[in-house]
Amino acid sequence: MKKALIYARVSTDEQVEGMSIDTQINRCSRWAEENGYAIVGIYKDEGKSATNMNRASLKDLLGRVQEKEGLDAILVLDTDRIARNTLDHLTIKSLLQKANVPLISISQPMIDDSPEGNLIDTIIASVNAFQSQITGRKVSKVAEEKAKAGYYPGKPKTGYMNVICPNPKGKFDKRIIDIDPQRGQYITQAFNLYSTGNFSVKSLSDHLYELGFRSNTGCQVGISLLAYCLRDPIYLGKIPWKGVIYEGHHPALTDQETFTKCQEIMTAHNQNASRQRVHNYLLRGFVYCSDCGKRLWADKHTKKSGLVFEFYFCKTCSKGSYVGVNDLEEQVEEWFGAIQITKEYARNLVTRAKQILEDYRNNSDNETQIITNRQSKIEAAMREAEDNWLIKKTLSAEAFRRIYDRYEADLKGIKKQLGQMVDSHNQSLVTVQRLMALAQNIRMAYHEAEPSLKRFYLGLFWKKFVVKKGEIVNAILADEVKDLISVPTSLSVPKNSTSSFLQREQKVLNLTS
Ligand SMILES: [Zn+2]
C-alpha cells in the first residue's frame, strides 16, 4: 500500500472554532482510503496567523520528507493549506520535488505534475498570496486601532514584557506590556549613560554586558539593537506604529530630556546611518552575457543631478555591457509577446479553467449545505434552551446564559465561514480570469502582473535571456514549456531600433562622463 502524510492548517483563531482542521483531516483520510493510500502521519498547524514558513508541524513534515522513508504523497485539502505566498509555495514544492514526494491537493484534481498542472498551480499560488495580503491588511487594521488606543500591538520591545491586565476596561487591554523586571533597568541605564556623551554605542554595549544586561537569548545586546533602542520612543511611554507615534499607557523607561539628549548625540555620532536599500531587480537571474556567458548584475548610479540610472551589466566584460533596467525589461515584455501558444495548449488551459470553477462551485455548494444545516440546528437548540428556561423551567438563568453564549459563539463562527466561502468563490473567479487571460494574451497578463507574479511568469516561461550590447539576442524557453509553446529565433527588428540603440549608447556615455 502507498504511504502518505496529511498536512492540515488553519490560519486564524476564528477558524479554529469552525473545526476546519478536523474537516481537512477527515476529507484527506477519506480520499486516501478511496485511492489506496495508508496514512502514516498527520501534521497540523493551528491557531497562529501562519502566513510564513514558521510553522512547526510543516517543518517537521518537511524534515520527515528528507529522510526518504519511501513516502508516496503529501495530502492537503487545497494548495492554500501549504503556503500563502508564492515564494514559500515554490520553496516547499521544490523541496518535495527533490525528495520525489508529490503534493496532492485533493480538492483540486487538475493540479498534477503536467506542465498545465504546474501552470495552474502557479496561478493559484499567486491568488493565494494575494488573499493572504488581504488578510494581512485586516490584521494590521486591528493592530492600528490597538496602537491608537495606546496599547502596543507588536511583540514587546527589549525592556518590556507582555502581562495579563488584572482589570481590563476595553477590548485592547487584555494583554498589555509592562516593565521587564530583569531588563527594564538596563534600558534606563543605557539612556542615562549614553546621554553623558562618554559612550559610543559599541562601548555602551560592552559596558552594559559587564553590568549583566543580556538579550532574551542570553547574549550581549549588540550594537544595532542597542542603537535602535536608543532611538525608540516606546521607552518614553509612547506607541510608535507604522510611522505614527501615539500616546501609550505603559510606563516609560526614560524621560524626555534624557531621550532628546541621546538623539542629539546619536545624530552627531551618526551611528545609525541608514543602510543602502537593496533594489529588487526583476530580471536578476534571468539575463546572461552573450560574450562570456555569465549572469548579468544589477546596480544603480546616482548622478550629480540626483537622477538615478539603474542598469544591468556584465562584471567581466563591463565596457559596453550596460543596459538600462527599463530598456531590458521592455525587451523581455516584447519576448513575452512573441510567445505562440499552440491552439491545443490554449484549449487545454481554458478547459481546465472551467474545471476549476466547477470544482470550486461543487465544493462550496456541499460545504454551504453542511454549514447551513449546522446553523439551523444551533438556532433550534437556542430556541429549545429558551423554552427550557422560561417555560419548562428546567434550566436556571445562569445555565441558560452559559449555553446561549456558547451557541452564539458557534453561530458567529458559522457566519464567518460562510463569508469566507464567498471570498473563496470570488478568488476562484479571479483564478479563472487569469487563466483565460494567460491563454489568450501572455504579454498582457505579464504586463499587468504585480512584481512577484511577474517573476513567476518569467520562471514559468523562460530559462534565460542572452544579452549582447544591451539587446536580447537569444531567448531560451523553460524546459517545462518548450514543447508546448514556441517563439521565433529572433524578434523582428523594431523600426526604431537604430534610435533606441543610439539612446542606449548615449546612456552609457552619460554614465561614464
Ligand atoms: Zn560578459
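Residues numbered from 1 in each chain as written. Predicted model: local features only at pLDDT ≥ 70, side-chain atom pairs only at ≥ 80, totals over all residues. Heavy atoms only, no water.

(A) Highlighting the sheet that holds strand E10 (residues 297-302). Read across the sheet, three strands follow the order E10-E11-E12 without closing on themselves; strand pairing throughout is antiparallel. Strands at the two margins of the open sheet, each flanked by one partner only, are E10 and strand E12 (323-324). (Pairing = 2+ DSSP bridges. Helix = DSSP H or I, 4+ residues; strand = E, 2+ residues; numbered from the N terminus.)

(B) Representation of the packing of aromatic side chains. Per the stated rule, a full pass over the model turns up 18 aromatic pairs. Consider the rings of Tyr152 and Trp241, whose centres lie 6.0 Å apart with planes at 90°: the pair is edge-to-face. Taken together, the positions of Tyr152 in the loop between helix H5 (115-148) and strand E5 (160-164) and Trp241 in strand E7 (residues 238-241) put the pair 89 residues apart, joining distant regions of the chain. The same class applies to Tyr152 as to Trp241, namely buried. Here the aromatic cluster, defined as three or more aromatic residues joined through ring pairs, consists of Trp335, Phe336, Tyr446, Phe461, Trp462 and Phe465. Lying across the ring of Tyr446, Lys454 places its NZ or CZ 5.4 Å from the centre. Positioned above the aromatic ring of Tyr288, the side-chain terminus of Lys464 is 4.7 Å from the ring centre. (Phe/Tyr/Trp six-rings, centres within 6.5 Å; stacked < 30°, edge-to-face > 60°. Buried < 20%, exposed > 50% of the residue type's maximum accessible area, 1.4 Å probe, protein only. Lys NZ or Arg CZ within 6 Å of the ring centre and 35° of its normal.)

(C) Examining the confidence of the model for the chain more closely. With 78% of its residues at a pLDDT of at least 70, the chain reaches an overall mean of 78. Element-level pLDDT for the chain is lowest in helix H15 (residues 497-512), with a mean of 40, against a maximum mean of 95 in strand E9 (residues 287-289). (pLDDT = per-residue confidence, 0-100.)

(D) Layout of the coordination of the zinc ion. Bound to the zinc ion on the protein side are Cys289 (SG), Cys292 (SG), Cys314 (SG) and Cys317 (SG), at distances that span 2.2 to 2.3 Å. Mapped onto the sequence, the residues coordinating the zinc ion show the spacing C-x2-C-x21-C-x2-C. A relative accessible area of 31% means that Cys292 is categorised as partly exposed. (Donors = N, O, S within 2.8 Å, 3.2 Å for Na, K, Ca; no water.)

(E) Focus on the environment of Gln375. By the element assignment, Gln375 lies in helix H11 (residues 343-390). On a C-alpha basis, the gap between Gln375 and Leu411 in space is 6.5 Å, while along the polypeptide they are 36 residues apart. In contact with Gln375, other than residues within four places in its own chain, are Leu411, Ile414, Lys415 and Leu418. (Contact = heavy atoms within 4.5 Å.)

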